[in-house]
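Structural overview for review
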Amino acid sequence: MVTIREVAESAGVSYATVSHVINNTRLVSPETRERVLAAMDALNYRPNALARSLRQGKTNTLGLVLPDSANPFFAEISRSIEDEAFKRGYSVFLCNTERDTQRELFYVDVLSNRQVDGIIFVAAGDQADSLDFLLHRNMPVVMIDRNLSDVEVDAVLTDNQLGGYLATRHLLELGHTRIACIAGPSSITPSAERIIGYRKALEEAGISYEETLVLRGDYHAQSGMDITKSILSLHPRPTAIFALNDLMALGALRAAAEAGCSVPEDLAVVGYDDLEIAHFTNPPLTTIAQPKKAIGVQAINLLVGRMSQKNRPPSRIILPPELIVRRSTQPQASEVEVP
Ligand code: RIB
């Protein structure tokens, strides 16, 4: 590996001059700068990033810990985070934990040892061990999407209770009174929060909450499909399904199609996340949009701020979801005005 000293000897300047040219830490005459750059080019010199990091005490790298990188929601979130990090001069290391808390602990240890400057973190479940580990190592961290309430850390979340309420109220306003809910894993806080909103809208409309209409999925499309098949066999059959993420709603659309059940005429379906694919399902999916771009921008803002002010009190940003009505919901036949 070519060293700074070799570049200095070749250019006929001091070690310090070469270092100033590399790090722009002092004005160097154009002639001298040109000589140094020519020597670097001739020797094929590459700055040693590790040495520079040790000198500067930062690596200009961030960690992003996600529970399921194959889920398009997290792919869209990681894109907004990486876009914002790139604008600020940071590279991002993505770590996929597959919702495994041991794997999560492995990755936060790796990221910490590689001296990333900060970490954006989505919990694999409801355990705070990894966060506690990072905070103990004084690592700047921003938690997004899933709230671990007993941890004092910066967080960017969305109002999941409001999202569940908006989805359910939309179906109630269309005349549906028997609304099944395909929930996410019980260890994931947004799912529980959305069910609270679902329940609130039902009770506000004078409809009692029925545990038997809330069935537990795993946030993957297959579970949405399997659970919808059992929902369609219930008597009386629900006329609407609220799936707590779009992937399970896609499974519900597939199950309805296979059962010859027309959406939305025979069965209304609402999802959650507003994935890009939600525009292209047949019919296009009514869903609750999460502000994925804003989540990324706010998370990077908080993280960069935390790096420069490690002792400031933690901030919690709660962003609003939005109901996006498409063609997988419409008034029940009995509600349609007959001319
Ligand atoms: O689709 C994945 C789900 O898990 C999303 O709703 C997101 O909020 C995360 O919690």
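Before going further, it helps to examine the state of the cysteines. All told, the structure shown has 0 disulfides when counted by the stated rule. Among the cysteines around Cys261, which has no disulfide bond, Cys181 carries the closest sulfur, lying 18 Å off. Accessibility expressed as a relative area gives 11% for Cys261, which makes it buried.

Moving on, we come to the side chain of Thr286. Checked against the element boundaries, Thr286 lands in the loop between strand 9 (268-270) and strand 10 (287-289). Since its relative accessible area comes to 0%, Thr286 is described here as buried. Contacts of Thr286, omitting those with residues within four sequence positions, involve His170, Val269, Val270, Gly271, Leu323, Ile324, Val325, Arg326, Arg327, Ser328 and Thr329.

Before going further, it helps to spend a moment on the domain arrangement of the chain. When cut into domains, the chain gives domain 1 (4-56), domain 2 (61-158 + 291-320) and domain 3 (160-290). Centre-to-centre separation of domain 1 and domain 3, based on C-alpha positions: 61 Å.

What follows covers the sheet that holds strand 1 (residues 61-66). Reading across from one edge, 2-1-3-4-5-11 is the order of the 6 strands in this open sheet, with parallel pairing throughout. At either end of the open sheet lies a strand with only one pairing partner, and these are strand 2 (91-96) and strand 11 (316-319). Across the sheet, the mean angle separating the axes of adjacent strands is 15° when strand polarity is ignored. When strand 3 (residues 118-121) meets strand 4 (residues 141-144), the two strands line up parallel, connected through 3 bridges. By the bridge assignment, Ile120 is partnered in strand 4 with Val142. Against the sheet, helix 5 (residues 72-87) engages strand 1, strand 2, strand 3 and strand 4, with an angle of about 170° to strand 1. Taken strand by strand, helix 6 (residues 101-113) contacts strand 1, strand 2 and strand 3, and its axis lies near 160° from that of strand 2.

Reading the values: rules and limits
- Residues numbered from 1 in each chain as written.
- Predicted model: local features only at pLDDT ≥ 70, side-chain atom pairs only at ≥ 80, totals over all residues.
- Heavy atoms only, no water.
- Disulfide = S-S within 2.5 Å.
- Buried < 20%, exposed > 50% of the residue type's maximum accessible area, 1.4 Å probe, protein only.
- Helix = DSSP H or I, 4+ residues; strand = E, 2+ residues; numbered from the N terminus.
- Contact = heavy atoms within 4.5 Å.
- Domains from an automatic or database assignment.
- Pairing = 2+ DSSP bridges.
- Axes fitted to C-alpha atoms, helices over the stretch in contact; angles between N-to-C directions.

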